[in-house]
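Listed below are the residues making up each chain.
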Amino acid sequence: MGDLKNRFGTGLSTIFLALVFFWLAGMVLAPNLMMIDYALRPNLPPAALGGPDDTYSLANILYLANEPTHRAIFFKTIWASGLVALVTFLVCYPIAFWLAQRATTGQLAIAMMLIIIPFFINEVLRTLAWFIILAYRGPLNAVLTNTGLIDAPIRWQGDGGVLAAMVYAYILFMLLPIYNAIESLEKAQIEAARDLGASRWRIHTRVVIPHAKAGIATGFVFTFMLAAGSYIAPALLGSPGSRWFTEIIYNWFFEGGDWNRGAAYALVLLVLCLAVVLITLRLFRVNLTDVAK
Amino acid sequence: MSHSVELAGIGMTFGTTRAVSDVSFRVEAGEFFSILGPSGCGKTTILRMIAGFIDPTEGRVLIGDRDMKGLGPNQRPTAMIFQSLALFPLMSVRDNIAFGLEARGVGRAERRAKADDLLRLIALEGYGDRMPGELSGGQRQRVAIARALAVEPGVLLLDEPLSALDLKLRQRMRAELRALQKRTGVTFIYITHDQSEALAMSDRVAVMSSGFLQQVACPRELYDNPATPFVARFVGETNALAGRITALEGGLAQIQTALGPLTGRAGQGAGVGQAGTIYIRPEALIPGHGTNALGADIERVDFEGAFALVHGRFADGAALAASVPSTRLADAPLPGQRAAFGFAPEHAVVLGDG
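Nothing here was measured: the structure is a model prediction, and the numbers come from that model.

Here's the deal with the domain arrangement of chain B
(1) Moving on: The domain boundaries assigned to chain B delineate domain 1 (5–224) and domain 2 (237–352).
(2) Moving on: Computed from C-alpha coordinates alone, the two centres of domain 1 of chain B and domain 2 of chain B are separated by 38 Å.

Structure below.
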């Protein structure tokens, strides 16, 4: 604080602090508090607001707990988001390692460009691209049937389609933190491990992954949160059997007209996501500050 | 078990850069062998070819008389000590030392026992549970050596491992390395750009310059009988006076220089009528000596303790460096004076230029 004042003077640093305070209070704290307020109150017609029935209770949250379909979709969303994070990791780790340790400067520039350029396009459009690729009469099925790999077209929409679209959509959030982490690993360490007779597998499990742990945890946290809160991929590529919890929240708000129940569902999702993130960090033995870096 | 290492005409080209050209030498089993040269001379490339990190574009590497072609660093009986040491920072000292054994599938108890043996060998008993970051530079150095020795290599490859240490520690580590090599009997191939390091530790030294091998000899031979002008200038201080060789007789060569005729031992490639240079070591130049008399203007006298270094210019403009032992400091000329030096012919060498 004193540092800030020394550098920018009293006037400017007061403005900075005020802006940060406004951001935290107005953009982060207030909406969340309002959501909690909504979540704990019953859904009443405007006339009954503030009346005797307008009391705080856990009824909306208990409704979720007692509704088997919603409960199942909730837990499925949690573990499927974990699966998305895991698959994204498996896809990204080899690429990140290659980029960070093996690629020449030229290769790095080209590869980074190829990976980043699609992200200039809106997420909805990128998901639509998958919608087209995975369509029943789409190019993927056409290629597979024409090459004789499959006899009849496959219906990709559903869990598989959602997984593919999400892995693709969140690749950057996994790739960049891992790339950064591996990039800082001294090449001589890998060479030393190899020289001492370590197999490729052991070099990665004993030297590279421990070094990149914070980056991997960051990637997992980002990807998991984004997947759990994703709406467009399951909406476009899902099937009735692969509904995502966010779709149910959406329905409460915009179709069921019950904002209170929607807020309660969103609150539960938020709390559980936070719990999963904290547990992940605990398992990886990484601090939140490491992730923030 | 220590192994010999033989390089048979190896060469290495990176893209358009020629890093190593036609280098051949043989290192005997149990020898302490140094490769000496300025940075960029190809010495690290040679070490990496022996270790198996890169394959030579031509020639063969034989370790224990076995061709190593196609074998990776994890399949060769070599272990390398990196310039940065490359200890694993997230593993304890013991796990670092035992890493090679772990990679070979040795059981936990045996690994632990072996690591503790090695910790005793490097006088770091009781440090096994520390992390590398908690050790001093010299201790980390010793851990790196123990980690390499743990896999019982036939050849230990050292890539300027002392360059990060301060002078005092470096000198102590030299002695420790030498003693360790004698005790274990492992072949050491040691890379350095520091000629006093190479001379002090090695049984034999190979001198490299711009990818070419200049000379392979024992330290004494290298200092007294440099094979090429590069070796004469690079190994130790020297005074170089250019001229034309006028006579060769009985192992001595006479050379006509701008300062008059001088006589020294005839070195390799010295022929009558050829352009040549006479190289005189600073300690060979004696103030007032009658033979091979040379005049020089004295610019500076640096007292260094055991001796004083006299700097100046010869009459033809070449730099003069003469060392006068402290016990004879009274003989040393003073700055600004014109002084006469001389040297015994057997303490100088005449080489053909080119």
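Next comes the rest of the write-up.
Brief notes about the packing of helix H5 (residues 123–133) of chain A against helix H7 (residues 159–183) of chain A
Residue and element names in this part refer to chain A.
(1) Moving on: Look at H5 against H7: their axes get within 10 Å of each other, and the N-to-C directions meet at 140°. Relative to H7, the element H5 is oriented oblique. Pair H5 / H7 crosses with right-handed handedness. Residues Glu123, Arg126, Thr127 and Trp130 of H5 pack against Ala164, Ala165, Tyr168, Ala169 and Tyr170 of H7.
(2) Moving on: Taken together, the residues of the contact of H5 with H7 sort by class into 6 nonpolar, 1 polar and 2 charged.

A closer look at the sheet that holds strand E2 (residues 17–27) of chain B
All names here are of chain B.
(1) Moving on: Pairing is antiparallel across the open sheet formed by 4 strands, whose spatial order is E2-E1-E4-E5. Sheet topology places E2 and strand E5 (66–67) at the edges, where each strand pairs with a single neighbour.
(2) Moving on: Two strands pair when backbone bridges link them, and strand E1 (residues 5–14) and E2 are joined in this way by 7 bridges, in the antiparallel orientation. By the bridge assignment, isoleucine 10 is partnered in E2 with valine 23.
(3) Moving on: Contacts between helix H1 (residues 43–51) and the sheet are confined to E1, E2 and strand E4 (58–63), with E1 contributing the most and set at about 115° to the helix.

Brief notes about the interface of chain B and chain A
One frequent convention defines the size of an interface as the accessible area lost when the parts assemble.
(1) Moving on: Contact with chain B, which involves 25 residues of that partner, is made by 16 residues of chain A.
(2) Moving on: Summed over both sides, the interface of chain B with chain A buries roughly 1,800 Å², with 56% coming from carbon and sulfur.
(3) Moving on: Of the charged contacts, one joins A:Glu191 and B:Arg48 as a salt bridge, the two residues approaching to 2.5 Å between their closest N and O atoms.
(4) Moving on: Summed over the shared surface of chain B and chain A, the result is 7 residue pairs in polar contact (both at pLDDT 80 or more).

Details of the environment of A:Arg206
(1) Moving on: Within the secondary structure, A:Arg206 sits in helix H9 (residues 200–228).
(2) Moving on: For the pair A:Arg206 and A:Ala193, spaced 13 residues apart in the sequence, the C-alpha separation amounts to 9.0 Å.
(3) Moving on: Ignoring sequence-local partners within four residues, the contact set of A:Arg206 consists of B:Met91, B:Asp95, B:Phe99 and B:Glu102.

Some remarks on the sheet that holds strand E6 (residues 78–81) of chain B
Strands belonging to one sheet form pairs held by backbone hydrogen bonds; the direction of such a pair is parallel or antiparallel.
All names here are of chain B.
(1) Moving on: With mixed pairing, 6 strands are arranged side by side in an open sheet as E6-E7-E8-E3-E9-E10. With partners counted over all chains shown, the strands left at the sheet margins are E6 and strand E10 (212–217), one partner each. For this sheet, the mean inter-axis angle between neighbouring strands, taken without regard to orientation, is 20°.
(2) Moving on: Bridge count for strand E7 (residues 155–159) against strand E8 (residues 187–192) is 5 bridges, and the pairing is parallel.

Regarding the pattern of salt bridges
Residue and element names in this part refer to chain B.
(1) Moving on: Following the criterion strictly, the structure yields 28 salt bridges over all chains and no others.
(2) Moving on: The residue glutamate 58 makes a salt bridge to arginine 18 at a minimum N-O spacing of 2.4 Å. Here glutamate 58 is found in strand E4, whereas its partner arginine 18 is found in strand E2, with 40 residues between them in sequence.
(3) Moving on: Classification of arginine 18 by relative accessible area gives partly exposed; the value is 38%.
(4) Moving on: Here the residues in one salt-bridge network are Glu6, Arg26, Glu28 and Asp65, joined through shared partners.

What counts, and at which threshold
Residues numbered from 1 in each chain as written. Chains lettered and ligands numbered in written order. Predicted model: local features only at pLDDT ≥ 70, side-chain atom pairs only at ≥ 80, totals over all residues. Heavy atoms only, no water. Domains from an automatic or database assignment. Axes fitted to C-alpha atoms, helices over the stretch in contact; angles between N-to-C directions. Helix = DSSP H or I, 4+ residues; strand = E, 2+ residues; numbered from the N terminus. Parallel < 35°, antiparallel > 145°, perpendicular 65-115°, else oblique. Left-handed = near helix turned anticlockwise from the far one by under 90°. Contact = heavy atoms within 4.5 Å. Nonpolar A, V, L, I, M, F, W, Y, C, P; charged D, E, K, R; others polar. Pairing = 2+ DSSP bridges. Buried area = accessible area lost by both parts, 1.4 Å probe. Salt bridge = Lys/Arg side-chain N within 4 Å of Asp/Glu carboxyl O. Polar contact = N/O pair within 3.5 Å; in protein donor to acceptor, adjacent residues only side chain to side chain. Buried < 20%, exposed > 50% of the residue type's maximum accessible area, 1.4 Å probe, protein only.

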